[in-house]
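Notes for the structure review
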Amino acid sequence: MAETGIVTGPPADVVVGVGASTGVDAEEVLALVEGCLREAGLPLTRVAELATVDARAAEPGVVAAARRLGVPLVAHGAGDLSRVPVPHPSAAVLAAAGTPSVAEAAALVGGGVLLVPKRVSAPADGRPARATCAVARRPTGPAASRTGAGTPVTARDGAPGTITGMDTHTPPRTAPPATPPVAPPAAAPAAGAAHDLRHHGDAEVRDDGAALVDLAVNVRADTPPAWLRERVAASLTGLAAYPDGRAARAAVAARHGLPVERVLLTAGAAEAFVLLARALRTRRPVVVHPQFTEPEAALRDAGHTVRRVLLREADGFRLDPAAVPEDADLVVVGNPTNPTSVLHPAGVLAGLARPGRTLVVDEAFMDAVPGEREALAGRTDVPGLVVLRSLTKTWGLAGLRIGYVLAAPGTVAALEKAQPLWPVSTPALVAAEACVGAEALAEAERAALRVAADRAHLVAGLGRLAHHGVRVVRAAEGPFVLVRLPDAAAVRERLRDRGYAVRRGDTFPGLDEEWLRLAVRDQETVDGFLSALERSLTGG
């Protein structure tokens, strides 16, 4: 009997690795999968998952095939797949996908026995083959299956399009099969190599930023304000003393109506991600993408294997809670999410909480949302909740590095032990205390309202370029918008030639080279940018 106690028969212990070309249809994938299973003498009920490289995880034909089979579609980073030895490597596949065989590597990545090596589809209408598959058997047992016996992680109840990408290596926990599994080599490229997780918007303007209008970095323009610069400058007279964060910590606690034991000051939200990765005992972390890549990078650097939930454009990049694996003990999600600018309902995010799970909500841009609606900061009724806040975006303090964590006292204490001594400088502490005061909060609210108006102006202008193939994520609620346009890499270079820097989108898991992120600026700047964008789209 299966784990659930309901489904009987042999366990679902087979992984089908699938490689696909753009435009492959579900029928071609299904026919190939069924043929491979027949060759292995296996029924469809033995299939635990379809697996592929993350760059193909949103391919509609592959998504539909997994949904029709009733199994999860698992997306592995090309870096993970590249370190799996495969029987039939291909230089062409390696160049295109970052692994010498998507199908075989995806089938074997968790450790298993290859039952059917790479097979190529044979479309009945004589078209070129657009899919490959391979079949492997994983070890069975209570801990061997990530999703249970045939329990779908994606596309529950026929709902299209939510993809759970799991960059994971599941070691055997039962006696090994008679044929030894293919093991990854001792030395391997870093996982996640398909996306440059350490690329950030400042790289777009770092070398010649003085000559470019910056729409790449999500820091509010014309900041920090004069009054804040004066407060920070006045703190320089006290640099001989060691930093004392008590006043700033108390001010942050009061701002959110929390006891100080629930607050930890950090050198920006980025430090908090490193602390979480190093201090918390997590075995099954999940990061919701596309989003800020530093959480995954920090987890990987700390030795964790990261699973991904990839949100889709077709769903407006909105989160389906059912896509998050039940066994995840750490879930990271942004709100509003960078780079999609989608604001997820607070109730949906709170519903992700589980006993034994840490739920990390990155609210770095929440103070740019009028009224901070959907915020979870200050909530103490959500078990395992950790909220991260940054003061660098709205107040222009990226160079000063100041942010904070709101969490249960035990979590705060664990993170604090992982910090070095005096992690936040005296000027940053002064800035923190100043930015959470009543007058500063009122100024931030006024700024959020201006950003909302400027964003609407930008989105409307982008909409007028739809005839050039420009598509914008219209649910934007943050100080940036995400757009898709043809030949985006070339357009980005043409914009640089015209004096504008924008953020490339292909470094975010779940996005490709057709995406750009645009920071919201004042309407005059936006009008100049839109004019330059239209000329860049037409090559004029």
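To be clear, the structure that these remarks concern was listed above.
Computed from a predicted structure; not experimentally measured. (Residues numbered from 1 in each chain as written. Predicted model: local features only at pLDDT ≥ 70, side-chain atom pairs only at ≥ 80, totals over all residues. Heavy atoms only, no water.)

Concerning helix H16 (residues 523–538)
Structural remark: α-helix, 3.6 residues per turn; residues separated by three or four positions point the same way. With 16 residues, H16 extends 23 Å from end C-alpha to end C-alpha; this agrees with the ideal 22 Å at 1.5 Å per step. Contacts from the buried residues of H16 go to strand S7 (213–215), helix H14 (438–463), helix H15 (488–497), strand S17 (500–504) and strand S18 (515–519). For H16, the N-terminal cap is Asp522; the gap from its side-chain oxygen to the backbone nitrogen of Glu524 is 3.2 Å. Once H16 ends, the next one or two residues include Gly539, with phi positive near 80°. (Helix = DSSP H or I, 4+ residues; strand = E, 2+ residues; numbered from the N terminus. Expected span 1.5 Å × (residues − 1). Contact = heavy atoms within 4.5 Å. Polar contact = N/O pair within 3.5 Å; in protein donor to acceptor, adjacent residues only side chain to side chain.)

As for the nonpolar core
Leu228, Leu265, Phe317, Leu376, Trp395 and Leu406 are the most contacted members of the largest nonpolar core, which totals 53 residues. Sorting elements by how many residues they give to this core places helix H13 (residues 426–435) first, with six residues. Core analysis: the next-biggest nonpolar cluster, separate from the first, contains 26 residues, Leu458, Leu516, Leu518 and Leu533 among them. (Core = buried A, V, L, I, M, F, W, Y, C linked by side-chain atoms within 4.5 Å. Buried < 20%, exposed > 50% of the residue type's maximum accessible area, 1.4 Å probe, protein only.)

Thoughts on helix H7 (residues 246–256)
Within the sequence span of H7, burial applies to Ala248, Val252, Ala253 and His256. Take H7 and look down its axis: the buried residues cluster within an arc of 135°, on one side only. What points out from H7, more than 90 degrees from its buried face, is the exposed set Arg246 and Ala254. Those residues of H7 that are buried are in contact with strand S8 (263–266), strand S13 (385–390), strand S14 (403–407) and H13. Gly257 occupies a position one or two residues after H7 and carries a positive phi of about 65°. (Arc of directions from axis to C-beta.)

Here's the deal with the packing of H15 against H16
The description of two packed helices rests on the angle between their axes and on the distance between the axes. It is at 9 Å that the axes of H15 and H16 come closest, and there the two elements cross at 130°. It follows from the interaxial angle that H15 and H16 lie oblique. Crossing of H15 against H16: the hand is right-handed. On the side of H15, the interface is formed by Val491, Arg494 and Leu495, while H16 contributes Phe529, Ala532, Leu533, Ser536 and Leu537. Of the residues assigned to the contact of H15 with H16, the class counts are six nonpolar, one polar and one charged. (Axes fitted to C-alpha atoms, helices over the stretch in contact; angles between N-to-C directions. Parallel < 35°, antiparallel > 145°, perpendicular 65-115°, else oblique. Left-handed = near helix turned anticlockwise from the far one by under 90°. Nonpolar A, V, L, I, M, F, W, Y, C, P; charged D, E, K, R; others polar.)

Description of the state of the cysteines
Throughout the structure, instances matching the rule amount to one disulfide. Cys36 shares a disulfide with Cys133; S-S distance 2.4 Å. Between Cys36 and Cys133 the sulfur-sulfur dihedral comes to about 135°; the bridge is accordingly right-handed. Placement of the pair is Cys36 in helix H1 (residues 26–40) and Cys133 in strand S5 (residues 131–137), with a sequence separation of 97 residues. When its relative accessible area of 2% is taken as the criterion, Cys36 is described as buried. (Disulfide = S-S within 2.5 Å.)

Quick look at the packing of H14 against H16
Taken N-terminus to C-terminus, the directions of H14 and H16 make an angle of 20°; their axes are 10 Å apart at the nearest point. Taken together, the axes of H14 and H16 lie roughly parallel to each other. Considering only the axes of H14 and H16, their crossing is right-handed. Every residue of H16 that contacts H14 at Ala453, Asp454, His457, Leu458, Gly461 and Leu462 is listed here: Gln523, Val526, Asp527, Phe529, Leu530 and Leu533.

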